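# Residue-level structure breakdown
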Amino acid sequence: MICFFKNRRGQLGDQISVIYFIVLFVIIGLGLFWGTYSFFGNGYDLREIQSKWLSDDIQKCLLSNSLDFTNKKEFFKVCNLNENILNENGFIIRLCKGNCYISKEEPLFSVNSNYQLCGFGELTSKNSPKCSEKNFTLKNQEVHLIVGSKISPKRLD
Amino acid sequence: MMEIKSINNKMKFSKISNIHSRRMDKKGESYLETNLIYIILFIIFMITGMAFLYKYQNNVYFWEQYYSYTIAKSVNNAQVGDRVELIFNKAVELARKEGIADYKNIVSVDNVKKEIGVSLQKGKKTVYPFLRNYNIDNVIVEEEIKGYVLKFSVISGGVK
């Protein structure tokens, strides 16, 4: 080791490969880090499952109860959903006559306004919602239900 | 004279062989010295890499998410008055590996924020909300014949 630092005989050629050795380790290390992080780091993506579950639940609730959509509180009470939690976590709920994207009528029911994001299809951002859409008949009307979720488990320290 | 010459020759030969053997030793030493840095770097790299992989081996974050979501889903699908029981073996096993001796505090519930918290690592917690107007009560982890079981009661909760 001492020779390595005090070598004055022009024998650097023997040691120069240490740089390549370190570069190789750095490349392998970064590969290891990237591989591990990409496999374990992101965790579950529950947005799609959650939005599907919620749209099924809302559809079931709407079909089994006769609701007055002018009273929002009643909807949350009858469907047993917590309004504050849905609002705080950015859930999107929109129920319209016909198709929500092209209908010019006011929606029958709406939670959070950015339902248009659901129309963009596959959004890759972690903060964008994943949506579930349903068309069904409610009180002899064709309705369109859009439910979007952008909630992910939060890791706290 | 001949004897002296042969002795001189012998001495010369022994000197040469000594020098040769010394050179050989030096070569061996320098070979070790040259490669010592590689060996040390390799050991450091291996230790760091193994430590990094060991840290992720248990995949605690994944299991925290899995359990927080499973519990929240159970709450979402439950009715008021239900007593829910979930097999909790993997969570307890991981928590013990991560140095949490008291497995009874792995799960925490915030009935105001309607959040389920699962902690399988010291000082860390993963939270996930449930969407119903319920409260969770009597959260316990019990050791039974079939293993560790998480039990909790679903009660009516006021709207925040």
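Above this text is the structure in question.
First, a word on scope: everything that follows refers to the structure included in this document. No experiment lies behind these values; they were computed from the predicted model shown.

Procedures and definitions
Going along each chain's sequence as written, the residues are numbered from 1 onward. Written order decides the labels, with chains lettered from A and ligands numbered from 1. Side-chain atom pairs in this predicted model are given and counted only at pLDDT of 80 or more, local residue features only at pLDDT of at least 70, and totals for whole chains, interfaces and linings cover all residues. Hydrogen atoms and water are omitted, and side-chain values are computed over all heavy atoms in the structure. To qualify as a helix, a DSSP run of H or I must reach at least 4 residues; to qualify as a strand, a run of E must reach at least 2; elements of each kind are numbered from the N terminus. Throughout, exposure labels follow a simple rule: accessible area from a 1.4 Å probe, protein chains only, divided by the maximum for the residue type, with under 20% read as buried, over 50% as exposed, and the rest as partly exposed. Here, two residues are considered to be in contact whenever any of their heavy atoms come within 4.5 Å of each other. All accessibility values rest on the Shrake-Rupley procedure with a 1.4 Å probe; residue burial counts only the protein chains present in the view.

## Side note on the overall build of chain B
- Across its full length, chain B carries three helices and six strands.
- Helices and strands appear in chain B in the N-to-C order α-α-β-α-β-β-β-β-β.
- Every one of the 160 residues in chain B was classed for burial, and the buried ones make up 38%.
- A separation of at least 24 residues holds for 53% of the contacts in chain B among residues at least 6 apart in sequence.
- Carbon and sulfur atoms make up 60% of the accessible area of chain B, which totals about 10000 Å².

## So, the overall build of chain A
- Across its full length, chain A holds six helices and five strands.
- Secondary structure of chain A in N-to-C order comes out as α-α-α-α-α-α-β-β-β-β-β.
- Out of the 157 residues in chain A, the part that is buried amounts to 38%.
- When contacts within chain A are restricted to residue pairs at least 6 apart in sequence, those whose partners lie at least 24 apart make up 56%.
- In the structure as shown, chain A presents an accessible area of about 9700 Å², 56% of it carried by carbon and sulfur atoms.

## Brief notes about the environment of Thr48 of chain B
- Looking at the secondary structure, you find Thr48 of chain B in helix α1 (residues 2-57).
- Spatially, the C-alpha atoms of Thr48 of chain B and Asp82 of chain B are 48 Å apart, while their sequence positions differ by 34 residues.

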